[in-house]
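Commentary on secondary and tertiary structure
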Amino acid sequence: FIATDPNRFGKLTGWHTAGINVAGSFLLGGISAAPTVDVSKVNGFPTPNGANPLQRFQGLSPRTKLMMGVGFCGSFTTFSTFSVDVVGWISEGKTARALSYVATNNIGGFVAAGVGMALVKRFFG
């Protein structure tokens, strides 16, 4: 579909990166707001037979937060692609497009991170 006509979505170039960056900010906000637990204490709590294992969820260990935040969200989001897109558009004279892209990434990212944090705090806080 795209491979047969790569220029078909040329006007959208870069905006997919903004979407990924905003989604990653939302996820990272949620991960950072999740309660942190001491794994050695949580593993000592018995789970009653037939109980839903999610009822035992107390939060994320510091190691899990680090792995999900830096590992998953860090590889999921694409700052280097964002930077190359902005510099490319500025060098092509598409300054308005570059500035709107920067605003979308930054403002959208801040808002998404805040929403992710608020949702996790509401449900698990």
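Residues numbered from 1 in each chain as written. Predicted model: local features only at pLDDT ≥ 70, side-chain atom pairs only at ≥ 80, totals over all residues. Heavy atoms only, no water.

**Here's the deal with a nonpolar patch on the surface**
A cluster of nonpolar side chains, contributed by Phe26, Leu27, Phe72, Ile107, Val111, Val115, Leu119, Phe123 and Phe124, occupies part of the molecular surface with about 850 Å² of accessible area. Breaking the nonpolar patch down by element, the ones donating at least two residues are α1 (15-33) and α5 (95-124). Ranked by residue count, the leading element in the nonpolar patch is α5, at six residues. Mapped onto the elements of the fold, leucine 27 is located in helix α1. On the basis of relative accessibility, which here comes to 34%, the residue leucine 27 falls in the partly exposed class. (Patch = residues over 30% accessible without salt bridge, like charges linked within 9 Å, V, L, I, M, F, W, Y side chains within 5 Å. Areas by Shrake-Rupley, 256 points an atom, 1.4 Å probe, with all protein chains shown as cover. Salt bridge = Lys/Arg side-chain N within 4 Å of Asp/Glu carboxyl O. Helix = DSSP H or I, 4+ residues; strand = E, 2+ residues; numbered from the N terminus. Buried < 20%, exposed > 50% of the residue type's maximum accessible area, 1.4 Å probe, protein only.)

**Some details on α5**
For an α-helix, the turn length of 3.6 residues means that residues three or four places apart are oriented alike. Here α5 contains 30 residues, and its C-alpha end-to-end distance of 43 Å stays within 8% of the 44 Å for a straight helix at 1.5 Å per residue. The inward-facing, buried residues of α5 abut α1 and α4 (79-91). (Expected span 1.5 Å × (residues − 1). Contact = heavy atoms within 4.5 Å.)

**Some remarks on the packing of aromatic side chains**
For the structure on display, the rule yields five aromatic pairs. On the basis of an interplanar angle of 10° and a centroid distance of 5.6 Å, the ring pair of phenylalanine 72 and phenylalanine 76 is categorised as stacked. Of the two residues, phenylalanine 72 and phenylalanine 76 both sit in helix α3 (residues 62-76), four residues apart, roughly one turn of that helix. The partly exposed category is assigned to phenylalanine 76, whose relative accessible area is 28%. (Phe/Tyr/Trp six-rings, centres within 6.5 Å; stacked < 30°, edge-to-face > 60°.)

**Side note on the packing of α1 against α5**
Axes are the key here: two packed helices are described by the angle between their axes and the distance separating the axes. Between α1 and α5, the least distance of the axes is 7 Å, while the angle of their chain directions is 25°. By the criterion of interaxial angle, the relationship of α1 to α5 is roughly parallel. In this structure, α1 crosses over α5, and the sense of that crossing is right-handed. Tallied by class, the residues present in the contact of α1 with α5 amount to twelve nonpolar, twelve polar and two charged. (Axes fitted to C-alpha atoms, helices over the stretch in contact; angles between N-to-C directions. Parallel < 35°, antiparallel > 145°, perpendicular 65-115°, else oblique. Left-handed = near helix turned anticlockwise from the far one by under 90°. Nonpolar A, V, L, I, M, F, W, Y, C, P; charged D, E, K, R; others polar.)

**A few points about the environment of serine 61**
Relative to the elements of secondary structure, serine 61 occurs in the loop between α2 (39-42) and α3. Separated by 25 residues in sequence, serine 61 and threonine 36 place their C-alpha atoms 5.5 Å apart. Beyond its immediate chain neighbours, meaning those up to four positions away, serine 61 contacts Val37 and Val39. For serine 61, the side chain forms a polar contact with the side chain of threonine 64, separated by 2.8 Å. (Polar contact = N/O pair within 3.5 Å; in protein donor to acceptor, adjacent residues only side chain to side chain.)

**Observations regarding the pattern of salt bridges**
Counted under the stated rule, the structure contains one salt bridge. Between glutamate 92 and lysine 94 there is a salt bridge, with its nearest N and O atoms 3.3 Å apart. Looking at glutamate 92, the relative accessible area reads 52%, which means it is exposed.

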